[in-house]
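Letter by letter, the chains look like this.
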Amino acid sequence: AISAPAKALNSFIPTPTLSGGYYSTSAFKQVVPDNKGSGRIDATTRLGMISGYYFIDDYHLNSPYPLNGATLPGFSAATEGRAELFNFSVTKAFGGNSVNEFRLDYVRDANNFTKPIGGVGQKLSNYGFVEGPNTLGVVAMDPADEGVPPTLFTNYQIGVAAFPKAQKNNTFQLLDSFSQVKGTHTLKFGVDLHYDQINIAAHAFSN
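Residues numbered from 1 in each chain as written. Predicted model: local features only at pLDDT ≥ 70, side-chain atom pairs only at ≥ 80, totals over all residues. Heavy atoms only, no water.

(A) Spotlight on the pattern of salt bridges. Counted by the stated rule, this structure contains 9 salt bridges. Note that K36 is salt-bridged to D34, the shortest N-O span being 3.2 Å. A salt bridge links R103 to E101; the shortest N-O distance between them is 3.7 Å. Exposure remark for E101: the relative accessible area of 30% places this residue in the partly exposed category. A single salt-bridge network, built from bridges that share partners, covers D34, K36 and D57. (Salt bridge = Lys/Arg side-chain N within 4 Å of Asp/Glu carboxyl O. Buried < 20%, exposed > 50% of the residue type's maximum accessible area, 1.4 Å probe, protein only.)

Next comes the structure, spelled out in structure tokens:
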């Protein structure tokens, strides 16, 4: 009366640790290394005052209970990202009443959300499912992350994180402004060019 997949998946459900049939543990840590660094350089040259600045932030979150993922241990997922900022500017004075400022800015924010780690590396057929494109069974939509299928029960969930997403945002900016003082008046004009790029790769391989 119990199917082969049900028997196989039942092995991932731990025995209760609390009275009343409940399970709780603090044995699995959530670790978040986060490293930042920056550097700046300024120089006075015949071209004017030159300034450059760079900032980087790398982080890697390994969560035993990922967002929209399993609520029982064994199915961790990683969220990692990098943020970068680069500024370059040249400021030059012309005489005693005019100045020009040129700037180049670049900002990048790249993140990979809930990439499966725990529970991957096994075929669905290992759990009793019929599998394959020429069958009436399951076709794995992402073989690279194939593993214990996401299975939702009344009050808990097991299986690999099924909804990873990668998003990479790039912002490019070019600015140039010129200011001049004439008597009691100040004239300012310039240009600001902006290019924003958003790349999203969203997956849903519930298999």
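(B) Quick look at the nonpolar core. Within the largest apolar cluster, 8 residues are counted, these being A8, L9, A70, L72, F75, Y127, V148 and I158. Ignoring anything within four residues of it in the chain, the contact list for I158 reads L9, F12, A70, L72, F75, P149, P150, T151 and F153. (Core = buried A, V, L, I, M, F, W, Y, C linked by side-chain atoms within 4.5 Å. Contact = heavy atoms within 4.5 Å.)

(C) Representation of the packing of aromatic side chains within the structure. The full count for this structure, using the stated rule, is 6 aromatic pairs. When the ring of F172 is compared with that of Y195, the centres are 6.0 Å apart and the planes differ by 35°; the resulting orientation is tilted. Of this pair, F172 sits in strand β7 (residues 165-182) while Y195 is found in strand β8 (residues 185-202), placing the two residues 23 residues apart along the sequence. Looking at F172, the relative accessible area reads 37%, which means it is partly exposed. Note on Y195: relative accessible area 47%, which makes it partly exposed. Seen from the ring of F94, K92 lies directly overhead, with NZ or CZ sitting 5.9 Å from the centre. (Phe/Tyr/Trp six-rings, centres within 6.5 Å; stacked < 30°, edge-to-face > 60°. Helix = DSSP H or I, 4+ residues; strand = E, 2+ residues; numbered from the N terminus. Lys NZ or Arg CZ within 6 Å of the ring centre and 35° of its normal.)

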